[in-house]
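Tertiary structure, described
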Amino acid sequence: MKEKIANRNLYFGKLVLAGLISGLFLTLLLMMFHIYPFGTQSFLTEDLKYQYIDFFNWFKRVLNGSESIFYSPSQALGNNAWGIYSYYLGSPLNLLVFFFDYRHISLCIEIIVILKICLIQSLWTWYINRRFCLSLSFSFLIAMGITFGSWTMTNLRNPMWLDSLYILPLISYGIHKIVVDRKMVYYIIGTSLNIICCWYTAYMCVLYSLVLFVVEFVLQQTIVDSESNKFLFIKTVAVFTLANLISLLLSIWTLLPTVIAMLSSGGGDGTSFADSLSGIDFSSISSLISSITTTDILKFFESFLPGSWDINITPQLYCGLLLELNYVVFLFSKNLSFKNKATLILF
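Before going into details, it helps to say that this report is about the structure given with it. Numbers given to residues run from 1 along each chain, matching the order in which its sequence is written. Given that the model is predicted, a residue must reach a pLDDT of at least 70 before its local features are reported, and side-chain atom pairs must reach 80 or more before they are shown or counted; all residues, however, enter totals for whole chains, interfaces and linings. Side-chain measures here rest on the full set of heavy atoms in the structure, leaving out hydrogens and waters.

1. Focus on the overall build of the protein
Each helix and strand in the protein was counted, giving 16 helices and two strands. Here the term buried applies to any residue with accessible area under 20% of the maximum for its type, exposed to any over 50%, and partly exposed to those in between, with areas from a 1.4 Å probe on protein chains only. Scored against the burial criterion, the 347 residues of the protein give a buried share of 40%. Long-range contacts, defined as pairs at least 24 residues apart, comprise 63% of the intrachain contacts of the protein with a sequence gap of at least 6. The method behind every accessible area is Shrake-Rupley, applied with a 1.4 Å probe, and residues are considered shielded solely by the protein chains displayed. Accessible surface, the protein: about 19,600 Å² in total, of which carbon and sulfur atoms supply 69%. Labels follow the DSSP assignment, with helices taken as runs of H or I lasting at least four residues and strands as runs of E lasting at least two, numbered in each case from the N terminus. By definition in these notes, contact holds between two residues if any of their heavy atoms fall within 4.5 Å.

Shown next, in the form of structure tokens:
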């Protein structure tokens, strides 16, 4: 028993170390490029500089008890403020702002971002190791590609979106457990936390979950023609649906006020879903792609190369050469079935 506890503590310690290494690496990058607090440069740009900082200042006043989290007179002539909290400030790490004075809010945000980078590295290392039975060292290297990929680095200026990236490993492993064992604890924890941290990225992760659920089911080869496995398929879908409903109920305390706040604020441009579809050309696949994205096909493939990201031109797809090389090896591997390859390529 003692040996089991010791091994578990050692495993946890290695995961913490993995996160700390990534946090230290990001800190060294800040020092190397003279980024605040080690210089005059900063990734606090665009909305983070001109808008989000004010939201953090407001949140500190809320934590100090001088303002309400439900209503703010700073919005026009006064308005419901819960929508601001649930979109920008829902991450539990933002509570650290309480311990910083107003002059050092920027420093607080950078510390929060570094902590999120640590969590991304630790949890993706954990997921890759547990799900694919790879060594911790190799899992760490693959996770580094995700932690320091172009999407992560370009969204340091949008810290509220980074929470979803360290929650995704919980959701992904939760889906695996639902498919294999019909156990939904990991998925419920991950999805509930995702909605609580930022509902905007949460809905994208739900779409991701639907796709990964299908992929996991195919890879586990549980969909066959026998009556028993048809029942198993129905049971697994029921468990997955139930897990989503429970996650929704656990996070309804923040989601419902958010919907009310958005409706009461009169947000949106009045464009209906049908109006949006009317602007899409379905006449051909190429026309469809050009209608829903501004990305040129050459720019799409270029985005898998390091340093290729260009705002509003190139998508943020680069996630490390090691991860991309493994994908190429996967395509040409003779040890994997054509069905598994086709499933992963399609999804």
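2. Brief notes about the packing of aromatic side chains
Think of it this way: a Phe, Tyr or Trp ring, Trp meaning its six-membered ring, pairs with another when their centres are within 6.5 Å, and the plane angle makes it stacked under 30 degrees, edge-to-face over 60, tilted otherwise. All chains considered together, the criterion is met by 23 aromatic pairs. Ring plane angle 45° and centroid distance 4.6 Å describe the contact between Phe55 and Tyr88, whose orientation is recorded as tilted. Here Tyr88 lies in helix H3 (residues 82-88) and Phe55 lies in helix H2 (residues 46-64), a separation of 33 residues in the sequence. Each member of the pair, Phe55 together with Tyr88, is buried. An aromatic cluster is defined as three or more aromatic residues linked by ring pairs; in this entry it consists of Tyr52, Phe55, Tyr87, Tyr88, Trp161, Trp199, Tyr200 and Tyr203. Distance and angle both matter: a charge sits over a ring if NZ of Lys or CZ of Arg is within 6 Å of the ring centre and within 35 degrees of the ring normal. The lysine or arginine in question, Lys60, covers the ring of Phe98, its NZ or CZ lying 5.8 Å from the ring centre.

3. Overview of the environment of Val214
Examined against the element boundaries, Val214 turns out to sit in helix H9 (residues 199-219). On the basis of relative accessibility, which here comes to 34%, the residue Val214 falls in the partly exposed class. Separated by 39 residues in the primary sequence, Val214 and Ile175 have C-alpha atoms spaced 9.7 Å apart.

4. Topic: the nonpolar core
Core analysis: the largest hydrophobic core is formed by 66 residues, its most contacted members being Trp58, Phe59, Tyr88, Leu89, Trp124 and Ile175. It is helix H4 (residues 105-132) that contributes the most residues to this core, 13 residues altogether. Contact partners of Ile175, with chain neighbours within four places excluded, come to Tyr187, Ser209, Leu212, Phe213, Glu216 and Phe240. We define the nonpolar core as a collection of buried residues of types Ala, Val, Leu, Ile, Met, Phe, Trp, Tyr and Cys that are connected through side-chain atoms lying within 4.5 Å of one another.

5. Things to note about the side chain of His176
Within the secondary structure, His176 sits in helix H7 (residues 163-181). Relative accessible area serves as the criterion here: at 12%, His176 is assigned to the buried category. Those residues in contact with His176 that sit more than four places away from it in its chain are Arg131, Glu216 and Gln220.

6. Section: the pattern of salt bridges
Salt bridges are defined by distance alone: a side-chain nitrogen of Lys or Arg within 4 Å of a carboxyl oxygen of Asp or Glu. Applying the stated rule across the entire model yields five salt bridges. Between Lys116 and Asp163 there is a salt bridge, and its shortest N-O distance comes to 2.7 Å. Placement of Lys116 in helix H4 and of Asp163 in helix H7 is noted, with a sequence separation of 47 residues between them. Among the salt bridges present, the one from Arg131 reaches Glu216, with a minimum N-O distance of 2.8 Å. With Arg131 in helix H4 and Glu216 in helix H9, the pair connects residues that are 85 residues apart, well separated along the chain.

7. Thoughts on a nonpolar patch on the surface
Nonpolar side chains (Val, Leu, Ile, Met, Phe, Trp, Tyr) within 5 Å and like charges within 9 Å form the patches, drawn only from residues with over 30% relative accessible area and no salt bridge. A cluster of nonpolar side chains, contributed by Phe12, Val16, Leu17, Leu20 and Ile21, occupies part of the molecular surface with about 480 Å² of accessible area. Topologically, Leu20 is positioned in helix H1 (residues 2-32). By relative accessible area, Leu20 is classed as exposed at 52%.

8. Details of the environment of Ser137
Secondary-structure assignment places Ser137 in helix H5 (residues 136-147). For Ser137, a relative accessible area of 52% corresponds to the exposed category. A C-alpha to C-alpha distance of 9.6 Å links Ser137 and Lys14, two positions 123 residues apart in sequence. We call two N or O atoms a polar contact when they sit within 3.5 Å, provided that within protein one can donate a hydrogen and the other can accept it, with sequence-adjacent residues counted only if both atoms are side-chain atoms. Among the polar contacts listed, one links the side chain of Ser137 to the side chain of Ser135, at a separation of 3.3 Å.

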